[in-house]
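# Reading the structure
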Amino acid sequence: FNKTLKLLMLNQWLTVRCVLIPRLKSPGVKRRFRIYSSALLVLQWLTNKDYKGGERFLVKMAAPLTLLVILSVTIRAVLYRSSLAEVISERVEVVSPLTAWKRVVEGLALLDLGVSPYSGDVFHETPLIIYLFHFVVDYAEITFMLADVITAVALYMAVMDYNKQVFRKQKYALEADRYPLDCLELIRSPKEMYYIPLKVAMFYLLNPFTILSCVAKSTCGLNNAVIALFILTTIKGNVLLSAIFLSLATYQSIYPLTLCAPALLYLMQRQFIPVNFRRVSFWWFIAQYAFMYLGSLFVIVGLSFFLLGSWDYVPSVYGFILSVPDLTPNIGLFWYFFAEMFEHFRLFFLCVFQINVFFYTIPLSIKLKEHPVFLIFMQLAVISIFKSYPTVGDIALYMAFLPVWSHLHRFLRNIFLVSCVLLACSALFPVLWHLWIYAGSANSNFYYAITLLFNVAQILLVSDYFYAFLRREHHLSYGLYLKRKDGSEATLVLK
Amino acid sequence: MGLLSDPNRRRALISLLTRLNSPICVVCYMAGVAWFMGLAFEPFTLRTYMSENAMGSTMVEERFPAGERALTTGREFSAHKKKAGGMPVDWLVKTMQARGLEVFTQRFSRKLPFPDENKERYMVKGTNVYGILRAPRAPRTEALVLSAPCTPGDSNNQAVGLLLGLAQYFRNQIYWAKDIIFLVNEHDLIGMQAWLEGYHHTNTTGMDWSPLQGRGGSIQAALSLELSSDVITSMDLVLEGLNGQLPNLDLANLFYAFCQKIGVLCTIQGKLQRNDWDSVSGYSHSVQTMMLMVMKQASGRPWGDHGLFLRYHIEAASIKGINSFRQYKTDVTTIGRLLEGMYRKLNNLLEPFGLLLTDYMLILTLLLHLTVVQALDLWVQLATPPPRTEDGITDKEQVRHTYYFRVLSVLTPLVISHLTGVALYTLPIQFQEMAVEQFPVSETEAVVLTAIGVYTAGLALPHNTHRLLSGEGTEQGWRVLKLVAVLYLAVLLGCTALINFSLGFILALTLVPVAAFVTPHVPKVLSAFILVILSPACTLLFSVFFFQELQELPVSFQEGWLLYLSVISQGILDHFLYGSLVYPLIALLVYPCWLLFWNILFWK
């Protein structure tokens, strides 16, 4: 496996080098092609070679994954070279004041001049990001593509591991005769689970939202990579790394803090620690995790302080996220509401809106106690809908999880309506923006109406999946064909 | 979650929709068309609605006296133009300076992608001359523009003369609160494009121009004047700008009000307004006017020099003096007074014009409703071939079939038809040189004929697409493809209509019936014929004839065909010169969408 990964990285690096260096024009094309084909040959050779059971499975899947990565990197590289890149990087749907590349460049310029990058209210990214780009600013495009690839590979591996566990659990349950007889058609077969990890990677890498976000060089891609690594380490059961990546994600944008609930639930489930408030082991584990989490957070925050030599970044990053001073339109719910509001009520509604993101954690954790990975999906969706500066890159992250729940399709009710609305809204965003800003025949209400519709569709999508998930679990314990007490057909209603 | 999750009510709704599918479609389509025709019926429209109070009255006193002198200046200009063989830059600079303006010039050059045969130009070089009258009464943050094109030949000299006369007269008045820019632009829209890009520091089309040396405030409104005779019978107001943008209705209403006050006949689309809206002939007259407007707007090209201002959010219109055989003539002094009144009124404008809301979207919603109903119907057919046992539960194999395998077989036609679209967009310009070497045609003809060639070649696609498909198409396959195509069409037309209602309406009128009736099971030859007739290219051909008919200049088929070719070349030129969106829209989106329906018809 290590070999494959190394090869993958090498291949990746070669592609990136060849596609991105603009001076290689016509001779470059031939060379690139040769490198592609030789890499593919090596891969073929690897896949044909005999490997032991599990590893063979992995190698078999690595070839399509590599192809997928090559394809997605090529698409991004082509878009970087086209005139579209500039247009995309100005779109308010793709970049927010937090993640805009233009602002990062401004911050870098200020840093080079010896001024604090946070003076002047332009730059709002964290100090670690600006120091990262201080070194790799010339390779920014490669960095962003790499971040996308890391996210996809991390999600791929995480989902593969998760599926193995799901399958194992299902096997035990079947052996223990825990499922009712008429539920056999709800049982998941390994055949249909086989391609799910690949589909997850595909949903992330080929999602237009991700591509747009990457081409615009929105730092959202880096945040997604951190969150994906957090999910991977959590599912692999590595407590320390999970805590470290969670603290990194929190450091980047605060909101991933709510992911600690599913992480704790998952890790405890894995270590067979019962979720029981009276048990010492429960509290001991929480204390351990909290210690690791807070410790690494402390280290990161301290490191940022020593890098910059001041606490400027705290109000400028976290104050900016929490108090929402920048009301540039985006796909979120904040801007219009706070632009219209009387200043007097601002603080109150700010609290209401921000608590909204964190509030769902408790009821969802109670309801989905047994299914922490689904809880991660729900939390990611809630964050990307209700956060203060959402971009399409955030949506892409939770949408990558949709193939994992493909077995729920039969219970989904509004998927057609919701996907139509999401599609139409995505097309209408730039059109209504044009009408509002350039043509002057519409106003901000039109744009906000579409934003609202887009978010309602997202909420419907998530609640639909939530309903379907609960319903499948219900059927798995009570049988597929439910009868009422009087013998007629019963239906399940989410209340 | 009430309606959305109660399965019984949903089932009832869905069965109602499937049963009433075709009647609903027909009724909606008819209602859409009827409503559209109703727009021409005067009581339905608020013609005299003014949203800006400052524009509400025409109470200014016009005193412009110097019509005769303006005509003399115009003649002088004509003589110098002939001598210089183009724009008499030195003379214009001197004359404007003598009238007390700050005068600047701007040079520009542009190589067209292929020669423009209508205007006979290829390598364009020219100079714009403009003079700024600084506002004496207020900080110079806002400006108004009066422009007149310098055209080759004998036309438009009077316009330049009047412009200079007005400049001299305006200079002596003290009430100006906004800078007034007097602009004489060469090579009509190309010069205007260069000047506007220079003024706003943008460069959208890759044109060469020297930067402007002097600027005024932000431009609030602009009028472009075209005048080729000493006396006129009527003034024609041209509103349609780039991409079908229209200026604010207030500007048009203001002009109309001034014309009535001063006693000048004002026409729109070359037609006089009539008061007998309740008679049949009156109604057909207003339908004609409206159809002319719709066709012009749908073409997406600027119909006067004002057309490019609209892109910068500046309200603008062109005013053309028309000299026909009517008895009643108006002299230049009166036109000067009219313009003076307009500018004094615009001078009073306190804030930018408000927005123009339209109720047009309802019409389109009715038309597009048909596609949505179709899509719903298809989805229901796809999701429930066997009757549902319980809400949402279907045969497992069926579900897997629907969700995964069909998606891939739909992707192939989608990708191929879009690649054809890309070919239609890029090939005509790329291959003109090769075509000129190989065939005895001019560059322009080469471009147009290549475009038509690619378009026709696309019709052969379905057969080739099927070869690429791994398995043979199934019933499920075409349904999924049609679902995708119908949704695509709905979103596409909706977005088009938001930007350019007329274009969206014409496309919806022709493409929506296609979306409704196409299946692989209808008679092939007849439906193929109907599909070709309703395709975008044929729609354009009919529009050309219809437009000529509306203008009361009917043409023979031969002339019509030549006109059609020149319309295509002009459309492509408009895109590359001014950034008009119609050509890329048709080539990259509408045509591939139509090809999808063509694919469904030949689904095997």
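Calculation rules
- Residues numbered from 1 in each chain as written.
- Chains lettered and ligands numbered in written order.
- Predicted model: local features only at pLDDT ≥ 70, side-chain atom pairs only at ≥ 80, totals over all residues.
- Heavy atoms only, no water.
- Helix = DSSP H or I, 4+ residues; strand = E, 2+ residues; numbered from the N terminus.
- Contact = heavy atoms within 4.5 Å.
- Areas by Shrake-Rupley, 256 points an atom, 1.4 Å probe, with all protein chains shown as cover.
- Buried < 20%, exposed > 50% of the residue type's maximum accessible area, 1.4 Å probe, protein only.
- Pairing = 2+ DSSP bridges.
- Phe/Tyr/Trp six-rings, centres within 6.5 Å; stacked < 30°, edge-to-face > 60°.
- Lys NZ or Arg CZ within 6 Å of the ring centre and 35° of its normal.
- UniProt positions renumbered as here; feature names shortened; annotations may be inferred.

## A few points about the overall build of chain B
- Of regular secondary structure, chain B possesses 21 helices and 12 strands.
- Counting only contacts in chain B whose residues sit at least 6 apart along the sequence, the fraction spanning at least 24 positions is 81%.
- Taken as a whole, chain B presents about 26300 Å² of accessible surface, with 62% of it coming from carbon and sulfur.

## Focus: the environment of B:Val555
Residues and elements named next belong to chain B.
- With respect to the secondary-structure elements, Val-555 resides in the loop between helix H19 (536–550) and helix H20 (557–578).
- Note: C-alpha distance between Val-555 and Tyr-488 (67 residues apart in sequence) is 36 Å.
- Aside from chain neighbours lying at most four places away, what touches Val-555 is Phe-545, Gln-548 and Gly-560.

## Digging into the pairing of strand S3 (residues 142–150) of chain B
Residue and element names in this part refer to chain B.
- For S3, a buried count of 8 out of 9 residues is recorded, marking the element as mostly surrounded by other parts of the structure.
- The sheet contact formed by S3 and strand S6 (residues 218–226) spans 6 bridges and is parallel. Within the sheet, the bridge partner assigned to Val-145 lies in S6 and is Ala-222.
- Sheet analysis places S3 next to strand S4 (residues 179–186), joined by 8 bridges and oriented parallel.

## Considerations on the packing of aromatic side chains
- If you walk through the whole model with that rule in mind, you get 62 aromatic pairs over all chains.
- Consider the rings of A:Phe359 and A:Tyr360, whose centres lie 6.0 Å apart with planes at 75°: the pair is edge-to-face.
- Seen in terms of ring centroids, B:Phe64 and B:Tyr169 are 5.6 Å apart; in terms of plane orientation they differ by 80°. Their pairing is edge-to-face. Of this pair, B:Phe64 sits in the loop between helix H3 (21–38) and helix H4 (67–84) while B:Tyr169 sits in helix H6 (residues 157–171), and the two are 105 residues apart along the sequence. As far as burial versus exposure is concerned, B:Phe64 and B:Tyr169 are alike and both buried.
- One aromatic cluster in this structure is built from A:Tyr162, A:Phe374, A:Phe377, A:Tyr398, A:Phe401, A:Trp405, A:Tyr465 and A:Phe469.
- The positively charged end of B:Lys296 is found above the aromatic ring belonging to B:Trp303, 5.2 Å away from the centroid.

## A word on unusual backbone geometry
- For A:Lys217, which is not glycine, the phi dihedral falls at a positive 55°.
- Take A:Lys217: it is sitting in the loop between helix H10 (208–215) and helix H11 (220–236).
- Relative accessible area serves as the criterion here: at 17%, A:Lys217 is assigned to the buried category.
- With a phi angle near 50°, B:His187 is a residue other than glycine that sits in the positive phi range.
- Relative to the elements of secondary structure, B:His187 occurs in the loop between S4 and helix H7 (188–200).
- A residue is classified by how much of its surface remains accessible, and B:His187, at 24% relative accessible area, is partly exposed.

## Quick notes on the UniProt feature "transmembrane region" (unreviewed entry) in chain B
Residue and element names in this part refer to chain B.
- Within this structure's numbering, the places UniProt gives as "transmembrane region" (unreviewed entry) are residues 20–41, 353–376, 403–425, 485–518, 525–547 and 581–603.
- With 82% helix and 0% strand, residues 20–41 has end C-alpha atoms that lie 31 Å from one another.
- Across residues 525–547, the secondary structure splits into 91% helix and 0% strand, with the terminal C-alpha atoms separated by 30 Å.

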